[in-house]
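# Remarks on the overall topology
Take a look at the letters that make up each chain.
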Amino acid sequence: MKKILSVFSTILIILLIFPFPADSYELTGRISSDLYAYQGSNDDHIRPYLRFRANMLAWRAEDGRSLRFHTSLRWTSDFADKLTSDPELFVYDAYAHLSGLPTWTDVYVGRQFVYTGVGSALMDGGRLHFRRAKNLSLNVFGGSSVSSEDPDKVRSLDDDLVLGGHFIARPDRATKLGLSWMLRRRDGDQSFHRVGIDVDRLFGPAEIYGRVSYNAADLRLAEILTRAVYRPGAWYVSGEYGWREPFVASNSIFALIDFKEYRIGRVEARRRVWRQLSVLANVQADLSSDEDAWRTGIGVSTPLVSVSWIHQTGYAGDNDGVSGHVNVRLNDRLDCYASANLFRYRVQQEQVERSDAYASTAGLRWRPGWGVTIVTEGQYLRNAVLKDDSRFLLRISKDFSISSKNG
């Protein structure tokens, strides 16, 4: 905690003494507070959540150069039965963003989420984004990964290093080429090392995407992904096939266990039949050498109501159910909504009768003005383990925006 607080203190000091002429500033964001009450297996929980997200423009020059600060964090505890991690403060983002110094670059320093085509991480470190017009861009980053068990701690670069880069080239308006690389260490040893290439190509109303990645730590192919989308008029059709190995750290004991690669195929079709009313259907197959798993669904959707039927069979078990959602605007400031997932499932073939699994919500969303939103929501869940589980959520959030210009 002390290390995170020292980072915030350093950012504030830089903000106060930075030599740029701060002729204007803008501060925007959201503050929200949740109260979530539910019953666990042996105890009750009443958990408060406090969330804060903000973006501050500290300096901006006439030529577009700027300095911004961004933060996103969440605090939680328990009024009833505390967990071992309570109270907990999780900092999702806390970084400074310098744009245009040097020219064509963006520099990010602090806690941030980084992504390449072959991996992602939440890290404490720095990132450089270089862009040359719209044709070339390069993202490179380095730092230490953030532990989900101990997010207050800024970890050692020697033990938990994260390095990576993503190069993107656009030879023409319809084509995008990418090269990715990422390396991670855990407990001082290399745990993840991958390189990859991806291609995205437009053909009028169609788009084709492909990605291949290689496991450089264990010297084998790691992933093949192909995806196609076709949008002729009122139709939307997409298909995808993916083959990949499980994500297991190279220095983990589980890396010694033999595994089977995932093979997943998916097809989805959607058709707008009248105004905003659409019908949809999808099929997904998880392919295995022993037994496959199939999941199919059909449904209708509008901006206010959606209903779908889902059927699943195979090694993942048998499952049939209905899922739906409705959102009704009562007036300019008040909405009511509800959702339900009603399923009957069987995990094993030897199971004679199917079990029930219900999950439903109903709530009100009120916007009284001044950037305030109040949500009250009731939840009900039931399955083979939880026979009667009722929950309650109250959320109050406030958007804010402050700006000032001197002179």
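Bear in mind that the values here come from a model prediction, so they are computed numbers and not experimental data. Per chain, the residues get numbers from 1 upward, laid out in the order the sequence is written. Given that the model is predicted, a residue must reach a pLDDT of at least 70 before its local features are reported, and side-chain atom pairs must reach 80 or more before they are shown or counted; all residues, however, enter totals for whole chains, interfaces and linings. By convention in this description, side-chain values take in all heavy atoms of the structure and omit both hydrogens and water.

### Re the overall build of the protein
Helical segments are the DSSP runs of H or I of at least four residues, strand segments are the runs of E of at least two, and each set is numbered from the N terminus. Counting its secondary structure elements, the protein contains one helix and 22 strands. Split into buried and exposed, the 407 residues of the protein put 34% on the buried side. We call two residues in contact whenever any of their non-hydrogen atoms come within 4.5 Å of each other. Pairs at least 24 residues apart make up 39% of the contacts formed inside the protein by residues separated by at least 6 positions. Summed over all atoms, the accessible surface of the protein reaches about 24,200 Å², with 59% contributed by carbon and sulfur. Exposure categories follow from relative accessible area, calculated using a 1.4 Å probe and restricted to protein chains: below 20% of the type maximum is buried, above 50% is exposed, and the middle band is partly exposed. Computed with a 1.4 Å probe, the accessible areas rest on the Shrake-Rupley method; for each residue, only the protein chains presented here act as cover.

### Some details on the pairing of strand β19 (residues 334-346)
Looking at chain direction, strand β18 (residues 318-329) and β19 are connected through twelve bridges and run antiparallel. Residue pairing for β19: Asn327 is matched across the bridge by Tyr337. The turn joining β18 and β19, which pair antiparallel and follow one another in sequence, is formed by four residues. Pairing geometry for β19 and strand β20 (residues 355-369), over twelve bridges, is antiparallel. Bridge pairing in β20 links Arg344 to Asp356. A strand pair is defined by DSSP finding two or more bridges across the two strands.

### Focus: the pattern of salt bridges
Salt bridge, as used here, is a side-chain nitrogen of Lys or Arg placed within 4 Å of a carboxyl oxygen of Asp or Glu. Under the definition given, this model contains 27 salt bridges. A salt bridge links Glu88 to Arg74, with the nearest nitrogen and oxygen atoms 2.7 Å apart. A residue pair is termed long-range when its members are at least 10 positions apart, and Glu88 in strand β4 (residues 88-99) and Arg74 in strand β3 (residues 66-76) qualify at 14 residues. As far as burial versus exposure is concerned, Glu88 and Arg74 are alike and both buried. Of the charged contacts in the structure, one is a salt bridge between Asp320 and Arg354, with a shortest N-O distance of 2.8 Å. With a gap of 34 residues between them, Asp320 in strand β18 and Arg354 in the loop between β19 and β20 connect regions that are remote in the sequence. Where salt bridges share partners, they join Arg227, Glu240, Arg266, Glu268 and Arg270 into one cluster.

### A word on the nonpolar core
Grouping buried Ala, Val, Leu, Ile, Met, Phe, Trp, Tyr and Cys residues that are joined through side-chain atoms within 4.5 Å yields what is termed a nonpolar core. Residues Val114, Val118, Ala121, Met123, Phe141, Val162, Met182 and Phe192 constitute the largest nonpolar core, which totals eight residues. Those residues within four positions of Val162 in sequence are excluded, and the remaining contacts are Ala121, Met123, Phe141, Gly142, Gly143, Ser144, Ser145, Met182, Leu183 and Arg184. Listed in part, the seven residues of the second largest apolar core include Ala58, Ala61, Phe69 and Ala96.

### Some thoughts on unusual backbone geometry
Leu101 connects to Pro102 through a cis peptide bond whose omega is -5°. For Pro102, the location among the structural elements is in the loop between β4 and β5 (105-116). A positive phi angle is found at Leu219, which is not glycine, with a value near 60°. Summarising the element assignment, Leu219 is placed in the loop between β11 (206-215) and β12 (220-230).

### Regarding the packing of aromatic side chains
For this analysis, a ring pair means two rings from Phe, Tyr or Trp (six-membered ring only for Trp) whose centres lie within 6.5 Å, classed as stacked if their planes differ by under 30 degrees, edge-to-face if by over 60, and tilted for the remaining angles. All told, the structure shown has four aromatic pairs when counted by the stated rule. With centroids separated by 5.8 Å and ring planes inclined at 70°, the aromatic side chains of Tyr95 and Tyr108 adopt a geometry described as edge-to-face. In this pair, Tyr95 sits in strand β4 while Tyr108 sits in strand β5, placing the two residues 13 residues apart along the sequence. Accessibility classification places Tyr95 together with Tyr108 in one group, the buried group.

### Some words on the environment of Arg227
The topology assignment puts Arg227 in strand β12. Given a relative accessible area of 31%, Arg227 falls into the partly exposed group. C-alpha of Arg227 to C-alpha of Tyr241: the two residues are 14 residues apart in sequence and 6.6 Å apart in space. Here Arg227 is in contact with Glu207, Ile208, Tyr209, Gly239 and Glu240, once residues within four sequence places are set aside. Among the polar contacts made by the side chain of Arg227, one reaches the side chain of Glu240 at a distance of 2.8 Å. Pairs of N or O atoms are called polar contacts if they sit within 3.5 Å, as long as, within protein, a hydrogen donor faces a hydrogen acceptor (for residues adjacent in sequence, only side-chain-to-side-chain pairs).

### Some thoughts on the confidence of the model for the protein
Every residue is assigned a pLDDT by the predictor, reflecting its confidence on a scale from 0 to 100. Looking at the protein as a whole, its pLDDT mean stands at 87, while 90% of the residues score no less than 70. This model gives residues 16-20 a pLDDT under 50, and the stretch forms four contacts once residues within four places in sequence are excluded.

### What about the side chain of Ser323?
Mapped onto the elements, Ser323 comes out in strand β18. Residue classification places Ser323 among the buried positions, given a relative accessible area of 19%. Reaching out from Ser323, the side chain makes a polar contact with the side chain of Asn341 at a distance of 2.7 Å. For Ser323, the contacting residues outside a window of four places in its chain are Ser306, Val307, Ser308, Ala340 and Asn341.

### Things to note about the side chain of His193
Residue placement: His193 occurs in strand β10 (residues 189-203). You can call His193 buried: its relative accessible area is 19%. In terms of polar contacts, His193 uses its side chain to reach the side chain of Trp181, at 2.9 Å. Discounting residues that sit within four places of it in the chain, His193 has contacts with Trp181, Met182, Leu183, Tyr214, Asn215, Ala216 and Ala217.

### A word on the pairing of β3
Most of β3 sits inside the fold, with nine of its eleven residues counted as buried. Across eleven bridges, strand β2 (residues 44-60) lies against β3 in antiparallel orientation. The residue bridging Ala54 from the neighbouring strand is Thr71, located in β3. In textbook terms, the turn of a hairpin is the stretch between consecutive antiparallel strands, and for β2 and β3 this stretch comprises five residues, one of which, Gly64, has a positive phi near 100°. Sheet topology note: the β3/β4 ladder contains eleven bridges and is antiparallel. Bridge pairing links Thr76 to Glu88 in β4.

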